[in-house]
Amino acid sequence: MNVATPVNSDKLRYKIKVSGLPRFYSLLDPLLQEFLKMINEELRLNCIHARYSKKGNAWLYLTFPTESEQAVALRLLKKYNWKGRSLISTLVTADTPKNNLNLTYVEGNHVAKRPRLDIPLSEQVLMSTIPYHSIEYEEQLRKKSEEARILFQRFGTIIQRKQPPLAEWCAARKRQLNSDLAFELSPIIPSKKVDRYRNKCEWSVGINPDSDSVAVGLRVKDSMDGIHYVGPPDCLRNLPMPMITLAKKFEDFVKNNSQDWRIWRNMIIRMNEDGEVMVSIVINQHLLDNDQLSNIKCSISEWSKKNITENVVSLYFQVHGEKTLVDCIGTTIEAELLWGQNLGAEELCKVVADLADVNENTTVLDLFCGSGCLALTLAKKCKQVVGIELIKANIMDAKRNAEINGIVNCEFIAGRTEDILDSVLNKLKGCNVTVIMDPPLTGVSTGLVRTLRKFKEAINLIYVCSNHKLPLKNLLDFSSVVRYWQKPIDTDPFLPLRIVPIDMCPHTLRSELVLHFKRFCVDDILSTKNDRPSKIYNNRQFRTKFNPRTSETVTSNIQPSTSGVGGLLDYLKKIEERAYQEGLAKGLERKAFQMGYSRGLQCATAANDDDKFKNNTSTNSDQ
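1. Description of the confidence of the model for the protein
With 70% of its residues at a pLDDT of 70 or more, the protein has an overall mean of 76. Counted against residues more than four places away or in other chains, residues 530–565, with its pLDDT under 50, gives 46 contacts.

Listed below in structure tokens is the structure:
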């Protein structure tokens, strides 16, 4: 089996995705090699290729030469225990070969390419949506907790490698916690509802590959002509029944409507804990005139009044591509208060409030505040709350939420956080500030991190993120005390103390992580004496190298100073200078060798040409 080298594209056809593995950071990882050996030798699966899309992922793509061998692998690895881990395998249909596609005519002249797969359509829906659906919930929690531990073990290793002065701080924290982690990892908080807990879903309009008919359901594959293949939602145990029923009713509406079914894009449904439902119908952006749009809106309204018996309190219409959905929603309908709410938000708010530990002297700065759920939870316990959010509709919801709950010490500002943060921080100077952040999965910009670090009034930082998208770059930016050339940073770092995992989406791979950072003085960290000197600097001998800049010899008797971190930093600086000089010398030597080699080739070629000329001359003279 080939792991490192590419395989002929003709063989990359029948893939499965195996999840729940340890995170691999190298193709030569012994654990990875052991797993692949087990796949081929113990299970006798004919895997011809293995790869992962990005270093540090916890899944692997396995390729098989035939569809039958792919099906066998799916069956064996669907729920397989390996080294105390429950592995989950799912189907990858992106590279299904063209010879497995049949042409089917659907509604007029449209041609759809339907994939022939032995995997039932309902199983494909389960694999792509809730891959843990067949695993006991306690086992799901154990897997997610272990995933969080692995993530922060990796983060601890990275922070000590990239920030050597923090190594002793991490070691002291480990001794204090009596743990292999420098950060306190709390037990994962389970979800109160294991089934029927979702408060939002999005149904796509497409083709059911089994019946070759128009359907509304969950997307399982896209064809080459842009048509979505969708599967029925009946098997999804994480969705409330009204969501499934509404999808079936909308499917009947699309089939019976006089309009071309391809104008319909999707249906978005949101629910709150009281069972109130908000429905949004989205159409594709086509060249429709005002009369056509008006007719479509009237047909949707009539359909909803006649056919929907669920507790739908609002119905919206949106043309995809004009504006974002949330910007087009009005502000006079009460149901808008449900936007952005999560079913597990109550548990999340409790954890954030516990970690923030605010009092009557605390000012809470909530970045990316949404509709103010986290900030409003803390408002009655603190002095004041300031929230910043990009989407204006969310800010209006936050203000309305504050008014309904009688909260008057809140200020919510609409705008891009990076653009208005400086002016907000100027108003908060002299306050005792706790920062709360629930940013996008990609994290925040380095400039925003730098701004918060310069703001000395910020003492605590609460960072909410999804554990399978841990923003390592942000965490390192908050924690760093020296730059990569070992020059101390002039702002105090935020160091992580505690991590609390929360399972808000049972049967999926996702769980939330709430991180508590606390401000530390950079001078205190840099002045900490390391009683356990690292082996990196102990008794290391360096070879003598020539310094091409000064024509002096770089000596190898430089040893670390015992006068604390200041001497250590000087020593590190000398090491980096020597490394630069040695690298420059090697570069000059390599360049000289290349020039000499090239010159030698030219000379050899010229000499060879001279010999040929002499031989030809001599032959001609003999003749």
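2. Structural notes on the nonpolar core
Among the nonpolar cores identified, the biggest contains 51 residues, and F152, L365, L367, V435, M437, F478 and L515 are the most heavily contacted of them. Ranked by residue count, the leading element in this core is helix α4 (residues 137–162), at six residues. Filtering out sequence-adjacent residues up to four positions away, V435 remains in contact with L365, L367, L452, A458, N460, L461 and I462. Core analysis: the next-biggest nonpolar cluster, separate from the first, contains 39 residues, L121, I130, C201 and V205 among them.

3. Some points on the packing of aromatic side chains
This model, assessed by the stated rule, comprises 12 aromatic pairs. Between F155 and F183, the ring centres sit 5.5 Å apart and the planes meet at 35°, which makes this aromatic pair tilted. Residue F155 is found in helix α4, and its partner F183 is found in the loop between α5 (167–177) and β8 (184–185); the two are separated by 28 residues along the sequence. Looking at F155, the relative accessible area reads 0%, which means it is buried. The class of F183 is buried, set by a relative accessible area of 2%. With a centroid separation of 5.9 Å and an interplanar angle of 25°, the aromatic rings of F250 and F253 are classed as stacked. Here the residue F250 and the residue F253 both occupy positions in helix α6 (residues 241–256), the gap between them amounting to three residues, near one helical turn. Across this residue pair, the class does not change: F250 and F253 are buried. Taken together, the aromatic side chains of F250, F253, W264 and W303 make up a single cluster linked through ring pairs.

Analysis parameters
- Residues numbered from 1 in each chain as written.
- Predicted model: local features only at pLDDT ≥ 70, side-chain atom pairs only at ≥ 80, totals over all residues.
- Heavy atoms only, no water.
- pLDDT = per-residue confidence, 0-100.
- Contact = heavy atoms within 4.5 Å.
- Core = buried A, V, L, I, M, F, W, Y, C linked by side-chain atoms within 4.5 Å.
- Buried < 20%, exposed > 50% of the residue type's maximum accessible area, 1.4 Å probe, protein only.
- Helix = DSSP H or I, 4+ residues; strand = E, 2+ residues; numbered from the N terminus.
- Phe/Tyr/Trp six-rings, centres within 6.5 Å; stacked < 30°, edge-to-face > 60°.

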